[in-house]
Amino acid sequence: MPIESWKGGEVDVAVIGAGAAGVAAARRLQLLRPDLSVVLLEASDRVGGRARSIHPFGTDAAALDLGCGWLHGARTNAWTGIAEEVGLTVDRTPAPWSDGGRRLEQDDPGARAAGAAVNRFFDRVYDYDGDKDTDLSTMLSPDDPWRERIYAVGAFMTGGELDKSSVIDLGRYDPGPGPDWRVRQGYGTLVATYGLPVPTVLGVEVSRVDHSGADHIVLSTGKGELRAGAVIVTVSTNVLAAERIAFWPPLPEKIEAASRLPLGLANKLFIRIAEPDMFPDDTHAMGSQHSRRTGAYQLKPFGAPVIEAYFAADLALDLERRGIDAMFDFSVEQLKRVFGAGIGAKFSPLVMSAWASEPFVGGSYSYATPGASDLRGVLAAPCDDRLFFAGEACSRSRYSTAHGAYESGVVAAEAVAKAL
Ligand SMILES: Cc1cc2nc3c(=O)[nH]c(=O)nc-3n(C[C@H](O)[C@H](O)[C@H](O)COP(=O)(O)OP(=O)(O)OC[C@H]3O[C@@H](n4cnc5c(N)ncnc54)[C@H](O)[C@@H]3O)c2cc1C
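Keep in mind it's a predicted model, so treat the numbers as computed, not measured.

Bringing the site of the ligand into the picture now. What surrounds the ligand is a group of 37 residues, the closest being Ala21, Glu42, Arg50, Trp70 and Ala402. In the model, a nitrogen atom of the ligand is placed 3.1 Å from a nitrogen or oxygen of the Ala43 main chain. One nitrogen or oxygen atom from the side chain of His72 is found 3.4 Å from a nitrogen atom belonging to the ligand. About the coverage of the ligand: the protein hides 98% of its 1,000 Å² of free accessible area.

Moving on, we come to the domain arrangement of the protein. How big an interface is tends to be stated in terms of the accessible area lost upon association of its parts. Assigned domains within the protein: domain 1 (9-47 + 195-262 + 363-419) and domain 2 (106-172). Just the C-alpha atoms count here: the centres of domain 1 and domain 2 sit 32 Å apart. Contacts between the two partners involve 13 residues from domain 1, matched on the other side by 15 residues from domain 2. Across the domain 1 to domain 2 interface the summed buried area is about 1,100 Å²; carbon plus sulfur atoms make up 44%. It is Tyr365, Tyr367 and Pro370 in domain 1 that bury the most area against domain 2; as a group they hold 45% of the surface buried on that side. The tally of links from domain 1 across to domain 2 stands at two salt bridges. The closest approach of N and O atoms between Asp169 and Arg376, which form a salt bridge, is 2.8 Å. Along the contact surface separating domain 1 from domain 2 lie eight residue pairs in polar contact (both at pLDDT 80 or more). Of the residues assigned to the side of domain 1 that touches domain 2, the class counts are six nonpolar, four polar and three charged.

Counted under the stated rule, the structure contains 22 salt bridges. A salt bridge links Arg172 to Asp374, with the shortest nitrogen-to-oxygen separation between them at 2.8 Å. With Arg172 in helix α5 (residues 167-172) and Asp374 in the loop between β19 (365-366) and α11 (375-380), this pair connects stretches of sequence that are 202 residues apart. Taking the relative accessible area as the measure of exposure, Arg172 reaches 22% and is therefore partly exposed. Taken together, the salt bridges that share partners define one network made up of Asp91, Arg182 and Asp282.

Let us look at the packing of aromatic side chains. The geometry of an aromatic ring pair is captured by the separation of the ring centres together with the interplanar angle, meaning the angle of the planes. For the structure on display, the rule yields 14 aromatic pairs. Judged by centre distance (5.1 Å) and plane angle (70 degrees), the ring pair of Trp79 and Tyr406 falls under edge-to-face. Here Trp79, found in helix α2 (residues 78-85), pairs with Tyr406, found in helix α12 (residues 402-419); they are 327 residues apart in sequence, far enough to count as distant. The same class applies to Trp79 as to Tyr406, namely buried. Their ring planes at 50 degrees and their centres at 6.0 Å tell us that Phe247 and Phe389 sit as a pair that is tilted. Linking Phe247 in strand β12 (residues 246-248) with Phe389 in strand β20 (residues 387-389), this pair joins segments that are 142 residues apart in sequence. In this arrangement the basic side chain of Arg27 is found over the ring face of Tyr194, its NZ or CZ atom lying 4.3 Å from the centre. In this arrangement the basic side chain of Arg376 is found over the ring face of Tyr399, its NZ or CZ atom lying 3.8 Å from the centre.

This next bit is on the sheet that holds strand β16 (residues 296-299). Ordered in space as β15-β16-β17-β14-β18, the five strands form an open sheet in which the pairing is antiparallel. Each edge of the sheet is formed by a strand with only one pairing partner; in this case those strands are β15 (283-286) and β18 (347-352). Neighbour to neighbour, the strand axes of the sheet diverge by 25 degrees on average, direction disregarded. Strand direction decides the pairing type here: β16 and strand β17 (residues 306-312), joined by four bridges, are antiparallel. Bridge pairing in β17 places Tyr297 opposite Ala309.

The next subject is helix α10 (residues 324-339). End to end, α10 covers 22 Å across 16 residues, agreeing with the expected 22 Å (1.5 Å per residue, within 8%). Of all the positions in α10, only Ala326, Met327, Phe328, Ser331, Val332, Gln334 and Leu335 are classed as buried. On its buried face, α10 sits against β14 (266-273), β16, β17, α9 (313-322) and β18. Immediately downstream of α10, the backbone of Gly340 shows phi near 105 degrees, a positive value.

What counts, and where the lines are drawn
- Residues numbered from 1 in each chain as written.
- Predicted model: local features only at pLDDT ≥ 70, side-chain atom pairs only at ≥ 80, totals over all residues.
- Heavy atoms only, no water.
- Near = heavy atom within 4 Å.
- Polar contact = N/O pair within 3.5 Å; in protein donor to acceptor, adjacent residues only side chain to side chain.
- Areas by Shrake-Rupley, 256 points an atom, 1.4 Å probe, with all protein chains shown as cover.
- Domains from an automatic or database assignment.
- Contact = heavy atoms within 4.5 Å.
- Buried area = accessible area lost by both parts, 1.4 Å probe.
- Salt bridge = Lys/Arg side-chain N within 4 Å of Asp/Glu carboxyl O.
- Nonpolar A, V, L, I, M, F, W, Y, C, P; charged D, E, K, R; others polar.
- Helix = DSSP H or I, 4+ residues; strand = E, 2+ residues; numbered from the N terminus.
- Buried < 20%, exposed > 50% of the residue type's maximum accessible area, 1.4 Å probe, protein only.
- Phe/Tyr/Trp six-rings, centres within 6.5 Å; stacked < 30°, edge-to-face > 60°.
- Lys NZ or Arg CZ within 6 Å of the ring centre and 35° of its normal.
- Pairing = 2+ DSSP bridges.
- Axes fitted to C-alpha atoms, helices over the stretch in contact; angles between N-to-C directions.
- Expected span 1.5 Å × (residues − 1).

Okay, here's the thing in structure tokens:
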């Protein structure tokens, strides 16, 4: 719907950003306050943000997720119930890191030793009770033979290198109990489907939020102005930190919080397999146990004829900048070492994500730099009971997840429903 047609440029609540947080906020507001008009304003041409599914094998086949894929803490993850409610299929195949999950190296003694070393590292992080925050690399034992593997796992989790991320923040991470499941039609499909009942304007980038007036907040966009009684901002920390939205009066504490809670980077490459029967279904393989510059490979997710390669942190940025051929060549070299030199001919590149250069996102998921974990609360705090903030980075313990984003959207919606 064109923004100029929206009730003469006036609305009760405008939600900026149609990702998991924005969709959740708008849906909860529709439920709590059907008397209020709500509009979702989205800069890109689709709903979902970092939840994005594609369907290269047709709509009946399993989708591929370029962004979030796992329903972490699935039993208490709100999206699990929503998936069933909207008629999508929750796939309960155990994740490779859960009990019963399939890993190619599961009987390999080296991989077991690496797993134990990684667990000891996480125990040290969770047990840390120092007064001062520090970076994750300080939790490594200097003589640990599995340092590189720990670097790699830390990067997959935070999207950043260990020496940039906060120990206290990772110690607070808790996606909730239960295994991790998936949605066969895709996490992106789930978020977009849930957003369907919300009036949404696509292709409208909000560039200014003027909250100086007593009655209304005025939003400036490339397609005109909109006045709103309350606004919920759900854009990523990298978008906020780059001041892609100008606030008037300025909100320096939000910009500082966002800058110190930057997005790490994770990217995926889907590799098509010419002879899929050669590989087991839904099985995980590490490219290397001994280098932090490694991909993690999910063979045939949902039995689809693809390998999902996952890269994080500096390696992900390097490969994203060099493009799909470089990402593919890197993966094939690693897969040849696992499956033998002849395997390369069976593969071709299908599609990659490039989240660092995604214009309205700028990365994958937030991590805290040392000392910045409490700034998640600063980011989430409302201004004057009419300008509200949500998004994964606002969650104290479920940051970096789509259900953390959902919960932050619900909190903001409940506050708006009370305030108006
Ligand atoms: C590769 C990858 C793998 C992941 N894996 C998982 C996983 O397995 N499980 C999990 O739970 N999470 C995972 N995540 C993280 C998860 O996807 C995110 O935490 C979540 O989707 C963030 O939702 P959000 O609503 O906070 O932000 P976003 O999805 O970024 O939504 C914000 C929206 O705002 C829009 N926007 C930006 N600027 C403007 C503007 N000026 N005006 C209007 N609109 C604007 C953007 O286009 C975007 O649509 C993964 C992410 C990536 C990238």
